[in-house]
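# A look at the structure
Residue strings, one per chain:
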Amino acid sequence: MAHKLGAFHHLPHGVANALMIEEVLKFNASEAPAKMGTFSQYDHPHTLSRYAEVADYLGIKGKNDNEKLEGLIKAINDLKAKVGIKETIKDYGIDEKAFMDNLDEMVEQAFDDQCTGANPRYPLMSEIKQMYLNAYYGKHFEEKAMPDKTQVKKSRKA
């Protein structure tokens, strides 16, 4: 995603990564993603526990892996502020109309990027789009609840 954000909006690669990192960490931390990468070595990516392990090495405390992830994100955001990384894509002077006009093409290219297939969780194009929008406006990724059996049965009947 950072490759395309930088290319479309002339942002340095490190800045583009910094703008997207919170979205990507939260997205990848799902314990039961709807769609995963195609690597057969694992039944699911265990990404949340790996992020918690990073937090442990950095001395970031938490009662559970989710709290450690939140602490890790806070530490990253504090570091970004210290080194002068702005909070949103919009803060870099990227015009909203220009961003929106390029969004669908940027999403498609990000989905097709060589790095996307190696991500622990394989994103849908709609999820990439939402992460870009969140990073533009300063919102944050929230996992949508998976439908339960009763909801699935209802939707089949409709």
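Above this text is the structure in question.
Residues numbered from 1 in each chain as written. Predicted model: local features only at pLDDT ≥ 70, side-chain atom pairs only at ≥ 80, totals over all residues. Heavy atoms only, no water.

## Let's talk about the overall build of the protein chain
- A count of helical and extended segments in the protein chain gives seven helices and zero strands.
- Counting from the amino terminus, the protein chain carries its helices and strands in the arrangement α-α-α-α-α-α-α.
- The 158 residues of the protein chain split such that 36% are buried.
- For the protein chain, contacts bridging at least 24 residues in sequence account for 64% of all contacts bridging at least 6.
- When the accessible area of the protein chain is evaluated, it comes to approximately 9,900 Å², of which 54% is carbon and sulfur surface. (Helix = DSSP H or I, 4+ residues; strand = E, 2+ residues; numbered from the N terminus. Buried < 20%, exposed > 50% of the residue type's maximum accessible area, 1.4 Å probe, protein only. Contact = heavy atoms within 4.5 Å. Areas by Shrake-Rupley, 256 points an atom, 1.4 Å probe, with all protein chains shown as cover.)

## Re the packing of helix α2 (residues 13-28) against helix α6 (residues 125-137)
- α6 packs onto α2 with a crossing angle of 135° between their chain directions and a minimal axis gap of 9 Å. Between α2 and α6, the crossing angle belongs to the class labelled oblique. Like other packed secondary-structure pairs, α2 and α6 cross with a definite hand, here right-handed. Across the interface between the two elements, L19, M20, E23, V24 and F27 from α2 touch E127, M131, Y132, N134 and A135 from α6. (Axes fitted to C-alpha atoms, helices over the stretch in contact; angles between N-to-C directions. Parallel < 35°, antiparallel > 145°, perpendicular 65-115°, else oblique. Left-handed = near helix turned anticlockwise from the far one by under 90°.)

## A look at the side chain of E22
- Relative to the helices and strands, E22 resides in helix α2.
- The exposure class assigned to E22 is buried, which follows from its relative accessible area of 11%.
- Once you skip the residues sitting within four places of it in the chain, E22 turns out to touch I73, N77 and H140.

## Brief notes about the nonpolar core
- Membership of the largest hydrophobic core comes to 23 residues, with the highest contact counts inside it found for L5, M20, I89, F99, L103 and Y132.
- Elements that contribute at least two residues to this core include exactly α1 (2-9), α2, α5 (96-112) and α6.
- Once residues within four sequence positions are removed from consideration, L5 is found in contact with H10, L11, A16, L19, M20, I89, F99, M106 and Y132.
- L48, A55, L69 and L72 belong to the second largest nonpolar core, which has nine residues in total. (Core = buried A, V, L, I, M, F, W, Y, C linked by side-chain atoms within 4.5 Å.)

## Some points on α2
- The axis of α2 is deflected most strongly, by about 45°, at M20.
- Those residues of α2 that fall on the buried side of the exposure criterion are V15, A16, A18, L19, M20, E22, E23, L25, K26, F27 and N28.
- Lining the buried residues of α2 we find α1, α3 (47-57), α4 (65-82) and α6. (Bend = angle between axes of the 7 residues up to and from the residue.)

## What about the packing of aromatic side chains?
- Under the definition given, this model contains three aromatic pairs.
- Judged by centre distance (4.4 Å) and plane angle (20°), the ring pair of F99 and Y136 falls under stacked. Residue F99 is found in helix α5, and its partner Y136 is found in helix α6; the two are separated by 37 residues along the sequence.
- Taking relative accessible area as the criterion, F99 reaches 0% and is therefore assigned buried.
- Judged by centre distance (4.9 Å) and plane angle (80°), the rings of Y136 and Y137 are edge-to-face.
- We classify Y136 as buried; its relative accessible area is 1%.
- One aromatic cluster is present, built from ring pairs that chain together F99, Y136 and Y137. (Phe/Tyr/Trp six-rings, centres within 6.5 Å; stacked < 30°, edge-to-face > 60°.)

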